[in-house]
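# Structural features, examined
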Amino acid sequence: MFVLVVLLAGIAVALIRRRLQVAPAAPTARDDTPARLLGWAAGLLAAEQAEWGQAMLGELDRLDARAQRWRFAIGCAAAALVLPPWGRAAAAAGALAAVAAGGAGLFAYAHIRYGLGADAGTWVWAAILLAFLADYTLTASVLLRRSGAAGPGLAGGLFVAVAWLAVSGFTFARFLAPITWPWARPLLLIAVPAVVGAGGTLRGGSAAAGRRAARLAAVSAGLGLYLYGVIAVAALGAGGPPHDEFRTVASAVDDRLGNQVVFALVLLRLATATVGWAAAAATARLRRAGPAPALPLPARGPGPASAAARRAAQPGSRPARQDNLVSARPHRSDGAPGGIPAAAARRRRTVYLLLLCATVAAAVLLAFISWLRP
Amino acid sequence: MSRVSGVRRNRAPSAQAISVLRALAADPSRWRYGYDLATEVHMKSGSLYPILVRLADRGLLEATWEPGPEGRPPRHLYRLSAAGREYVAALPAARAGRTAPRLHLRWSEASY
């Protein structure tokens, strides 16, 4: 409970901090849902195709009719989703989708094998599980396409999964049993995700890369451990670690299946992504305190990339984003002209700071209450 | 101005790609916006941009940026390259009677 409160508070703080860093749209720039959708989709394009995303955003900006903007944005977003290169990202996404499908299939198998019944609650749980697995697959496919996220993210996921399996001695029975080693929880829930976030930041060179690596690690490790857990339940049934002798086999199996969902698909993801996110931000801050990185060399040659680089080099031009994120929402650091008045910006910042303080205070209070309870 | 180059594959363009090429060939020296081009060839943006990417990869297209007004993003402009003009000029002989323009938009355009 304590860990859950801290993790949820961490997410809330991260989201509020993120909002604080985003400036409201300039009066001349469009910032509606189609622009955000297309900005998100354009960010999925490979680095060498990032300019096509900018081209789509440039066209969208000139459209005025709402329906027209929606049609254009949806079409371009669909194109961005299927544009090559996919290559290894497609293979990895396919593998993770297969793991998710395997988890769902084994869940159904265990239900049938141990006669867990099929009342209304079962179907509700099955729908929730499928929604989780679909979300995992979609999130993984999106993150895998981000520039430089696949390698560190998948390696991080493997690291997280192996750490959990190592603590359980690589046995089904100990994996299903409660963890007894006192240092295992802080190690698995804090230290390991922190290593993933920090490693992703150092490998990718930015906090954004570290955050993506942590999120992909959370998703891939969650899927992998969920599959492992369901295999363990299907293989052991009510066997393995002792359970309440007055309970039936079916209720024990049902309980264990539910535990796998809560552990692998909720808690593990929450912990890995949140702690990894924080570690990525901290690592990036520490790195910024060191020597300044060299400026990237402008692209040479006749291609559109060089044209963009030349534009970026012109005085007064907006700096190019280095992490292949094409966003329709200007950030403060972009120095976008035509911003909102300073007073309004200060008011907005104050509101978010108050919200941030309230969130932290509520988290501390809840954590204290959960600690007081036996 | 920038010329988009880097030939990857030499698969024959689809009927939709040819209609884009022909629209551009109507006035080869004129720079065209993506949205206007899509409107002219009655194509959705989701089909047009993969085609433009593929044509640019094959060196048939030139692209340039038009700076936007203050605070607005720049626009991408397209026209045929010299290779593109030659390609279109050779089209009637090479493709006549072989490919009729298709009315339906194909997702396979995006898989190149």
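Residue positions are counted from 1 within each chain, in the order its sequence is given. Going through the entries in the order they are written, you letter the chains from A and number the ligands from 1. A pLDDT threshold of at least 70 governs which residues receive local features in this predicted model, and a stricter bar of 80 or more applies before side-chain atom pairs are shown or counted, although totals over entire chains, interfaces and linings include all residues. Side-chain descriptors were evaluated using all non-hydrogen atoms of the structure, hydrogens and water having been removed beforehand.

### Points about the overall build of chain A
Let me state the cut-off plainly: Working definition: helices are DSSP H or I runs of at least four residues, strands are E runs of at least two. Numbering for both runs from the N terminus. Between buried and exposed lies partly exposed: a residue is buried under 20% and exposed over 50% of the maximum accessible area for its type, with that area taken using a 1.4 Å probe on protein chains only. Any two residues having at least one pair of non-hydrogen atoms within 4.5 Å are treated as being in contact. Surface accessibility in these figures is a Shrake-Rupley result with a 1.4 Å probe; residues are shielded only by whichever protein chains are displayed.
Counting secondary structure elements, chain A contains 13 helices and zero strands. Listing each helix as α and each strand as β along chain A from the N terminus yields α-α-α-α-α-α-α-α-α-α-α-α-α. Out of the 374 residues in chain A, the part that is buried amounts to 42%. Long-range contacts, defined as pairs at least 24 residues apart, comprise 80% of the intrachain contacts of chain A with a sequence gap of at least 6. For chain A, the exposed surface amounts to about 19,300 Å²; the carbon and sulfur share of it is 68%.

### What to know about the overall build of chain B
Scanning chain B for helices and strands turns up four helices and four strands. The N-to-C order of helical and strand elements in chain B reads β-α-β-α-α-β-β-α. Taking all 112 residues of chain B together, the buried fraction comes to 49%.

### Some thoughts on the side chain of Arg269(A)
Residue and element names in this part refer to chain A. Defined as follows: Definition of a polar contact: a pair of N or O atoms within 3.5 Å, with one able to donate and the other able to accept a hydrogen when the atoms are protein atoms, and with sequence-neighbouring residues admitted only if both atoms are side-chain atoms.
Inspection of the secondary structure puts Arg269 in helix α11 (residues 249-289). Looking at Arg269, its side chain comes within polar contact range of the side chain of Asp135, at 2.7 Å. In this structure Arg269 touches Asp135, Tyr136, Thr139, Ala218, Val219, Ala264 and Thr274, once residues within four positions along its chain are discounted.

### Thoughts on the nonpolar core
Most often, soluble globular proteins keep nonpolar side chains buried together rather than apart. Residue and element names in this part refer to chain A. The test is simple: Here, nonpolar core refers to any group of buried Ala, Val, Leu, Ile, Met, Phe, Trp, Tyr and Cys residues whose side-chain atoms link them within 4.5 Å.
Counting 47 residues, the largest nonpolar core has Leu133, Trp164, Leu225, Tyr226 and Leu257 as the members making the most contacts within it. For this core, the secondary structure elements donating two or more residues are α5 (88-113), α6 (120-145), α7 (150-167), α8 (172-176), α9 (184-204), α10 (207-236) and α11. In terms of residue count, α10 provides more of this core than any other element does, 12 residues in total. Not counting chain neighbours up to four residues away, the residues in contact with Leu257 comprise Phe107, Ala110, His111, Leu116, Val230 and Val233.

### Here's the deal with helix α1 (residues 15-25) of chain B
Quick reminder: α-helices carry 3.6 residues per turn. Residues three or four places apart thus point the same way. With eight of its 11 residues buried, α1(B) lies for the most part within the structure. Within α1(B) the residues assigned to the buried category are Ala15(B), Gln16(B), Ala17(B), Ile18(B), Val20(B), Leu21(B), Ala23(B) and Leu24(B).

### Section: the packing of aromatic side chains
Heads up, the rule is: Only Phe, Tyr and Trp rings take part, Trp by its six-membered ring, and two of them pair if their centres are within 6.5 Å. Stacked means planes under 30 degrees apart, edge-to-face means over 60, and tilted covers everything else.
Inspection of the entire model under this criterion finds seven aromatic pairs over all chains. Ring geometry for Trp52(A) and Tyr78(B): centres 5.8 Å apart, planes at 0°, overall stacked. Of the two residues, Trp52(A) is situated in helix α3 (residues 50-61) and Tyr78(B) in strand β4 (residues 75-80); the pairing between them involves two chains. Tyr78(B) shares its class with Trp52(A); the two are buried.

### Digging into the pattern of salt bridges
The cut-off we apply is this: Here, a salt bridge means any Lys or Arg side-chain nitrogen found within 4 Å of an Asp or Glu carboxyl oxygen.
All told, the structure shown has seven salt bridges over all chains when counted by the stated rule. Residues joined by salt bridges that share partners form a network here, namely Asp61(A), Arg62(A) and Arg72(B).

### As for a nonpolar patch on the surface
To be explicit about the condition: In this scheme, patches are assembled from residues that exceed 30% relative accessible area and form no salt bridge. Like charges are connected within 9 Å, while nonpolar side chains (Val, Leu, Ile, Met, Phe, Trp, Tyr) are connected within 5 Å.
Together, Trp40(A), Leu81(A) and Val82(A) make up an exposed nonpolar region whose accessible area comes to about 230 Å². Its location among the elements puts Trp40(A) in helix α2 (residues 33-42).

### Digging into unusual backbone geometry
Positive phi, normally seen in glycine, also occurs at Phe170(A), with a value near 55°. Owing to a relative accessible area of 52%, Phe170(A) belongs among the exposed residues under this scheme. Phi is positive for His42(B), close to 55°, though the residue is something other than glycine.

### A short note on the pairing of β4(B)
Residues and elements named next belong to chain B. Worth spelling out the cut-off: Between any two strands, at least two bridges found by DSSP are needed for them to pair.
In terms of residue burial, β4 counts as a mostly covered element, since six of its six residues are buried. For strand β2 (residues 32-33) and β4, the ladder comprises two bridges, and the chain directions are antiparallel. From the neighbouring strand, Arg32 faces β4, where its bridge partner is Tyr78. Pairing of strand β3 (residues 61-66) with β4, which is carried by six bridges, proceeds in the antiparallel orientation. By the bridge assignment for β4, Glu62 is matched with Arg79.

### Structural notes on the environment of Val167(A)
You can see Val167(A) is positioned in helix α7. With 14 residues separating them in the primary sequence, Val167(A) and Trp181(A) have C-alpha atoms 8.3 Å apart.

### Regarding the environment of Ala177(A)
Looking at the element boundaries, Ala177(A) is found in the loop between α8 and α9. Look at Ala177(A) and you get buried, because its relative accessible area is 19%.

### Points about the confidence of the model for chain B
Residues and elements named next belong to chain B. To keep it simple, the criterion reads: Confidence of the predictor at the level of single residues is captured by pLDDT, which takes values from 0 to 100.
Taken as a whole, chain B shows an average pLDDT of 77; of its residues, 71% reach a score of 70 or greater. In this model, residues 1-9 is a region of pLDDT below 50 whose contacts with residues beyond four sequence positions or in other chains number 34 contacts. Within the model, pLDDT remains below 50 along residues 96-112, and this stretch shows 31 contacts once partners closer than five positions in the same chain are excluded. With pTM at 0.61, the complex prediction returns an ipTM value of 0.76.

### Concerning the confidence of the model for chain A
Looking at chain A, pLDDT values average 76 and 70% of them are 70 or higher. Segment residues 292-340 of chain A is flagged for pLDDT under 50; beyond a separation of four residues in sequence, or across chains, it makes 83 contacts in the model.

### Comments concerning the packing of α7(A) against α10(A)
Residue and element names in this part refer to chain A. Keep this limit in mind: All axes are obtained by fitting lines to C-alpha atoms, using only the stretch in contact for helices, and the reported angles, taken between N-to-C directions, cover 0 to 180 degrees. Our angle categories are set so that under 35 degrees counts as roughly parallel, over 145 as roughly antiparallel, 65 to 115 as roughly perpendicular, and the remainder as oblique. For a crossing to be left-handed, the near helix must be turned anticlockwise from the far one by less than a right angle; the clockwise case is right-handed. Under this grouping Gly is polar, as are all residues other than the nonpolar Ala, Val, Leu, Ile, Met, Phe, Trp, Tyr, Cys and Pro and the charged Asp, Glu, Lys and Arg.
Viewed as axis vectors pointing N to C, α7 and α10 meet at an angle of 40°, and their least axial separation amounts to 7 Å. When the interaxial angle is binned, α7 and α10 end up oblique. For α7 against α10, the interelement crossing comes out right-handed. Between α7 and α10, the residues in contact are Ala150, Pro152, Gly153, Leu154, Gly156, Gly157, Val160, Ala161, Trp164 and Leu165 and Ala213, Leu216, Ala217, Ser220, Ala221, Leu225 and Tyr228, respectively. A class-by-class count of the residues in the contact of α7 with α10 yields 13 nonpolar, four polar and no charged.

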